[in-house]
Amino acid sequence: MMLIRQAICFCLLATFLHPITSSGLFRVGLKKRRLELDDIRTGRVIRKLKHSQGGLTYYPTLGGDSTQENQVILKNYLDAQYYGVIGIGTPSQEFKVIFDTGSSNLWVPSIHCKLLDLACWVHHKYKSSKSKTYTKNGKPCTITYGSGSISGFFSQDNVKVGGLVVKDQEFIEATHEGSLSFLLAKFDGLFGLGFQEISEGNAVPVWDNMVGQELVKEKVFSFWLNRDADAETGGEIVFGGVDPAHFKGNHTYVPVTRKGYWQFNMGDIFVGDNSTGFCEQGCDAIMDSGTLLLAGPTTVITQINHGIGATGVVSAECKIVVSEYGEMIWDLLVSKVLPSLVCKEIGLCVFGKQTGVKSVVEQEGSSVLCKVCEMAVVWVETRLKQKETKEKVFEDLNKLCESFPSPAGESIIDCNNIQNMPNVTFTIGGNPFSLTPQQYILKTGVGYAETCISGFSAYDLPPPTGPLWILGDVFMGAYHTVFDSGNLQIGIAKTA
């Protein structure tokens, strides 16, 4: 009888310690705090880490029993970084990681961090000697990004995600994190959910092993990101299915056009009722849970930020291009010169043909002039189709210069004007997906220190990977997203 009573008490205690919903899903509770400007800078470093590597090679009806779904509750870190807790090793060592559909490796800091690597030492570190299921690999690894690199070596161990345990998972022990921005980060590492085609060292991603080890019933995982910074739960990722409580209506599905990132084709973009004209013939885009903002080419992001009333750095170079080259741009477009060749014809985008060694300042100046020219071409071409007068086109183009993004890619908004701003709509799968001002504006600080930042950030990814639109948390916070690796498609529906 005593043993029975002890067993009952133990079961009750376990229930209190491990909350389980009526659907039998395992959940992990997480905390929150407010967004700060430094967090946006940190998010930008992560974006550079994932999308500035270059030279990447690409190879070219959901549902299920809810008891088969496995969920990890995500923390809304300042409305900027959504992360959850995983475990590595036996017994499990816990790490806060960003679940990132824009990369494919799992990495966490290692106990073997270099002595002066502060970014590594201030976070949780993996200790292989403490794990009974660790297998040595030792293969060196470096992931290069815009302002530094992350380096370390591969190891192998069990990885616990929600209620699932993936056995013998290959991951990176990071011994060097080459950016002080990681000191600001509240996460320890990255949990890549992209395809193996972009995995460093060709390591099999955790998701692929979940499927291969038959831990999930459906080859599907889904994201719900809660943009309410005051809510108890930051969001949820469900492995093996979808939670109907997270979305409204039906999903619109689009095929994955190229494996690597979760890449798809996107149609025209509208500010209010006005077409930007940039993606009428289609644009490449990726759905990226590891990027805070919604990023795209400077040429059209400037139009969007101008349309919503955002201001960047008032660029003298922009107005110089308009005054000195505007007439030439107009004449070339009227003469049916291909828009993609106009800026090369007038000599503002010809870096590869120039000789001699340029200083960094000269290179950056030329890059700005090229971007301004490309923006002007898109603007003039769109207005020519609408049969606007030359005077009106250049009057508006000069105003557009005041919305040219800062060198960091972000633009500022008047917080008192949010209610008057237009929706911005993206065409995906032939259907419109609109973002309201409340959804695409990020607020930092409080009271007199409050700052409002446009959720549309300029980011120019060069060929062959780019140009590319990156639909990050700003978009995914408004729309529940399904990643279907079995049918190679992405589903989008309004978040509940």
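Residues numbered from 1 in each chain as written. Predicted model: local features only at pLDDT ≥ 70, side-chain atom pairs only at ≥ 80, totals over all residues. Heavy atoms only, no water.

S.K.: Quick rundown of the sheet that holds strand β19 (residues 441-444)? Include the residues and the values.
M.R.: Read from one edge to the other, the open sheet built from three strands follows the order β16-β20-β19, with strand pairing classed as antiparallel. Since the sheet does not close on itself, it has two edges, and those belong to β16 (412-413) and β19, each with one partner. Where β19 lies against strand β20 (residues 451-454), four bridges are found, and the strand directions are antiparallel. Following the sheet pairing, K443 is matched in β20 by C452. (Pairing = 2+ DSSP bridges. Helix = DSSP H or I, 4+ residues; strand = E, 2+ residues; numbered from the N terminus.)

S.K.: Kindly report on the packing of aromatic side chains, identifying the contributing residues and their values.
M.R.: Tallying each qualifying case throughout the model produces 22 aromatic pairs. With a centroid separation of 5.1 Å and 10 degrees between ring planes, the pair formed by F221 and F483 is classed as stacked. Here F483 lies in strand β23 (residues 479-484) and F221 lies in strand β9 (residues 220-225), a separation of 262 residues in the sequence. By the burial criterion, F221 is buried, and F483 matches it. Here the guanidinium or amino end of K139 rests over the ring plane of F154, the centre of that ring lying 4.9 Å away. Looking at R383, its charged tip hangs above the ring of W379, at a distance of 3.9 Å from the centre. (Phe/Tyr/Trp six-rings, centres within 6.5 Å; stacked < 30°, edge-to-face > 60°. Buried < 20%, exposed > 50% of the residue type's maximum accessible area, 1.4 Å probe, protein only. Lys NZ or Arg CZ within 6 Å of the ring centre and 35° of its normal.)

S.K.: Mind laying out the state of the cysteines, listing which residues take part and the relevant values?
M.R.: Per the counting criterion, the structure on display carries five disulfides. A sulfur-sulfur separation of 2.0 Å characterises the disulfide bridge that pairs C349 with C370. As the torsion about the S-S bond is roughly 110 degrees, the C349-C370 disulfide counts as right-handed. With C349 in the loop between α7 (339-345) and α8 (360-385) and C370 in helix α8, this residue pair connects regions lying 21 residues apart in the sequence. A residue is classified by how much of its surface remains accessible, and C349, at 12% relative accessible area, is buried. Residue C370 is classed as buried on the basis of its relative accessible area of 8%. (Disulfide = S-S within 2.5 Å.)

S.K.: For unusual backbone geometry, give the residues involved together with the corresponding values.
M.R.: In this structure, P91 follows T90 across a cis peptide bond, with omega equal to 0 degrees. When you line up the elements, P91 lands in the loop between β2 (81-88) and β3 (93-100). With phi around 60 degrees, K387 is a residue other than glycine that occupies positive phi space. Tracing the sequence through the fold places K387 in the loop between α8 and α9 (390-401). Of note in the backbone geometry, L488 takes a positive phi value of approximately 50 degrees without being a glycine. If you trace the backbone, L488 turns up in the loop between β23 and β24 (489-495).

S.K.: Break down helix α5 (residues 298-308) for me, with residues and values.
M.R.: Counting buried positions along α5 yields nine of 11 residues, so the element is predominantly enclosed. Of all the positions in α5, only T298, T299, V300, I301, T302, Q303, I304, N305 and I308 are classed as buried.

S.K.: So what's going on with the pattern of salt bridges? Residues and values would help.
M.R.: Pairs can form between side chains of opposite charge whenever their charged atoms are close. Applying the stated criterion across every chain, the model contains six salt bridges. A salt bridge links E280 to K385, with the shortest nitrogen-to-oxygen separation between them at 3.1 Å. With E280 in the loop between β13 (274-275) and β14 (283-287) and K385 in helix α8, this pair connects stretches of sequence that are 105 residues apart. Under the relative-accessibility criterion, E280 is labelled partly exposed at 40%. (Salt bridge = Lys/Arg side-chain N within 4 Å of Asp/Glu carboxyl O.)

S.K.: Describe the confidence of the model for the protein chain, listing the residues and the values that go with them.
M.R.: Summary statistics for the protein chain give a mean pLDDT of 79 and a share of 74% for residues scoring 70 or more. In the predicted structure, residues 52-69 sits below a pLDDT of 50 and forms 39 contacts with residues beyond four places in sequence or in another chain. Note on residues 351-365: pLDDT under 50 across the span, and six contacts to partners over four residues away in sequence or across chains. (pLDDT = per-residue confidence, 0-100. Contact = heavy atoms within 4.5 Å.)

S.K.: Would you mind going over the pairing of strand β10 (residues 235-239) in detail, with residue names and values included?
M.R.: Across the five residues of β10, five count as buried, placing the element largely inside the fold. Both faces of β10 are covered, namely the face carrying G235, I237 and F239 and the face carrying E236 and V238. Looking at chain direction, β9 and β10 are connected through five bridges and run antiparallel. Bridge assignment links F223 to a residue of β10, and that residue is I237.

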